[in-house]
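Here is how the chains run, residue by residue.
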Amino acid sequence: MSIADQLVTHLPYLRRYARALSGSQQSGDAYVIAVLETLVADSSAFDRKLPSRVALYKLFSTVWNSAAVASRAGVPDGAAPEKRLEAITPLPRQAFLLSAMENFDLKDIAVVLSRSPAEIESLLSEANKEIGAQVSTDVLVIEDEPLIAMDLESLMEDLGHRVIGNARTHREAIEMAKGKHVGLILADIQLADGSSGLEAVAELLKTVRAPVIFITAFPERLLTGQRAEPTYLVTKPFKPSLVAGIASQALFFGENAGRARVET
């Protein structure tokens, strides 16, 4: 089987991972393109001794941590070293996302990041401490399933955030956000009255600067590669630890994450 055939099913999820690491679709896709260009230039960069998914993420991590694609990903060539470092998600968060979002086990994460399993355990512990120390903010939940909405509200409050309300429809979301300083949005894509969470978020982002996490049972609708895709995407049923980590990651990018726009 060719390398292309082995990778085609993994690429949408690698793009999701890259966006979560970088804080935007543009920069995430720049790194994925760099991985593909590396493969075209030198197919030996893909370790055929490993499972194809592990080999792909390992190559991505090598490219990512080299910072060689910084200017293409939106960091100017002349930027100060600390600015370049800001564009690279630290290893603890990489380990966390590989575990919680991509469902790699400890052994595979060690291979992907070229670290020992013991080092990965330490990185995951450090990531959990970072997540727990996240500065609090005001959160708007857009979710029409009452039990899920309650779970999200409880989770956000346990993390020290304040939930300003839970909207079940597009209209409710717009009304709840009026006059509020929304710092984070958690949204489903299919709402109670048949309205779209994507459209609600797109309207909100005309006046609100906040990162958005889409939580949906239909991730394939947003991983087509045919239009702009959400930077942060969580699949239902979700792990509370994943939502907590993605929320921390979104807030980690602060103001830059708030500039993202979702096209509908």
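Each value, and the rule that gives it
- Residues numbered from 1 in each chain as written.
- Predicted model: local features only at pLDDT ≥ 70, side-chain atom pairs only at ≥ 80, totals over all residues.
- Heavy atoms only, no water.
- Pairing = 2+ DSSP bridges.
- Helix = DSSP H or I, 4+ residues; strand = E, 2+ residues; numbered from the N terminus.
- Axes fitted to C-alpha atoms, helices over the stretch in contact; angles between N-to-C directions.
- Contact = heavy atoms within 4.5 Å.
- Buried < 20%, exposed > 50% of the residue type's maximum accessible area, 1.4 Å probe, protein only.
- Right-handed = clockwise from strand over helix to strand, strands pointing away.
- Expected span 1.5 Å × (residues − 1).
- Arc of directions from axis to C-beta.
- pLDDT = per-residue confidence, 0-100.
- Salt bridge = Lys/Arg side-chain N within 4 Å of Asp/Glu carboxyl O.

*Asks:* Mind laying out the sheet that holds strand β1 (residues 138–142), listing which residues take part and the relevant values?
*Replies:* One key point about sheets: their strands pair by backbone hydrogen bonds, in either a parallel or an antiparallel sense. Taken in spatial order, the 5 strands line up as β2-β1-β3-β4-β5 in an open sheet, and their pairing is parallel. Pairing within the sheet leaves two strands with one partner each, and these edge strands are β2 (162–167) and β5 (232–235). Within the sheet, the average angular offset between the axes of one strand and its neighbour, ignoring direction, is 20°. The pairing of strand β3 (residues 184–187) with strand β4 (residues 212–216) spans 3 bridges and is parallel. Each bridged residue has a counterpart across the sheet, and for Ala187 the counterpart in β4 is Phe214. Across the sheet, helix α9 (residues 146–158) lies against β1, β2, β3 and β4, angled at about 170° from β2, the strand it touches most. With respect to the sheet, helix α10 (residues 170–177) is in contact with β1 and β2, its orientation differing from that of β2 by roughly 150°.

*Asks:* How would you explain the environment of Val163 if you had to name every residue and give the values?
*Replies:* As for its placement among the helices and strands, Val163 is situated in strand β2. Classification of Val163 as buried rests on a relative accessible area of 17%. On a C-alpha basis, the gap between Val163 and Glu153 in space is 6.2 Å, while along the polypeptide they are 10 residues apart. The residues contacting Val163, other than those within four sequence positions of it, are Val139, Val141, Glu153, Met156 and Glu157.

*Asks:* Tell me what's going on with unusual backbone geometry, and back it up with residues and numbers.
*Replies:* Residue Pro237 is reached from Lys236 by a cis peptide bond, and omega for that bond is -10°. Its location among the elements puts Pro237 in the loop between β5 and α12 (240–252). A positive phi angle, close to 60°, is found at Asn103, a residue other than glycine. Counting through the fold element by element, Asn103 comes out in the loop between α6 (91–100) and α7 (106–113). The backbone phi angle of Ser114 is positive, close to 55°, even though this residue is not glycine. Here Ser114 shows up in the loop between α7 and α8 (117–132).

*Asks:* Which residues make up the pairing of β1, and what values do they have?
*Replies:* Burial runs high along β1: 5 of the 5 residues are buried. Residues Asp138, Leu140 and Ile142 of β1 are buried on one face, and the alternating residues Val139 and Val141, pointing to the opposite face, are buried as well. Taking the sense of rotation as the criterion, the β-α-β connection linking β1, α9 and β2 turns out right-handed. Pairing of β1 with β3, which is carried by 4 bridges, proceeds in the parallel orientation. The residue bridging Val141 from the neighbouring strand is Leu186, located in β3.

*Asks:* Go over α9, please, and point to the residues and values.
*Replies:* Here α9 contains 13 residues, and its C-alpha end-to-end distance of 18 Å stays within 8% of the 18 Å for a straight helix at 1.5 Å per residue. Buried within α9 are the following residues: Ile148, Ala149, Leu152, Leu155 and Met156. What you see down the axis of α9 is that its buried residues fit within an arc of 130°, all on one side. Away from the buried face of α9 by more than 90 degrees, exposed residues Pro146, Leu147, Met150 and Asp158 are located. Against the buried residues of α9 lie β1, β2, β3, β4 and α12. Once α9 finishes, Gly160 follows within two positions and takes phi at roughly 95°, a positive value.

*Asks:* Pulling in residues and values, what's your account of the confidence of the model for the protein chain?
*Replies:* Residues of the protein chain with pLDDT of at least 70 account for 83%, and the chain-wide mean is 83. Across the protein chain, the element-wise mean pLDDT spans from 37 in helix α5 (residues 81–86) up to 97 in α7. Confidence drops under a pLDDT of 50 for residues 75–88, and excluding neighbours within four residues, the segment shows 15 contacts in the predicted structure. Taken as a whole, residues 255–264 scores under 50 in pLDDT and shows 23 contacts with residues more than four places along the chain or in a different chain.

*Asks:* Give me the lowdown on the pattern of salt bridges, citing residues and values where you can.
*Replies:* Per the counting criterion, the structure on display carries 8 salt bridges. Measuring nitrogen to oxygen at the nearest pair gives 3.4 Å for the salt bridge that ties Glu102 to Arg16. With Glu102 in the loop between α6 and α7 and Arg16 in helix α2 (residues 11–22), the pair connects residues that are 86 residues apart, well separated along the chain. Each of the two residues, Glu102 as well as Arg16, counts as buried. In this structure, Lys236 and Glu143 form a salt bridge, with 2.9 Å as the shortest nitrogen-oxygen distance. One end of the pair, Lys236, is in the loop between β5 and α12; the other, Glu143, is in the loop between β1 and α9, and 93 residues separate them in sequence. You'll find Lys236 and Glu143 in the same group, each marked buried. In the salt-bridge network here, residues are joined through shared partners; they are Glu143, Glu145, Asp188 and Lys236.

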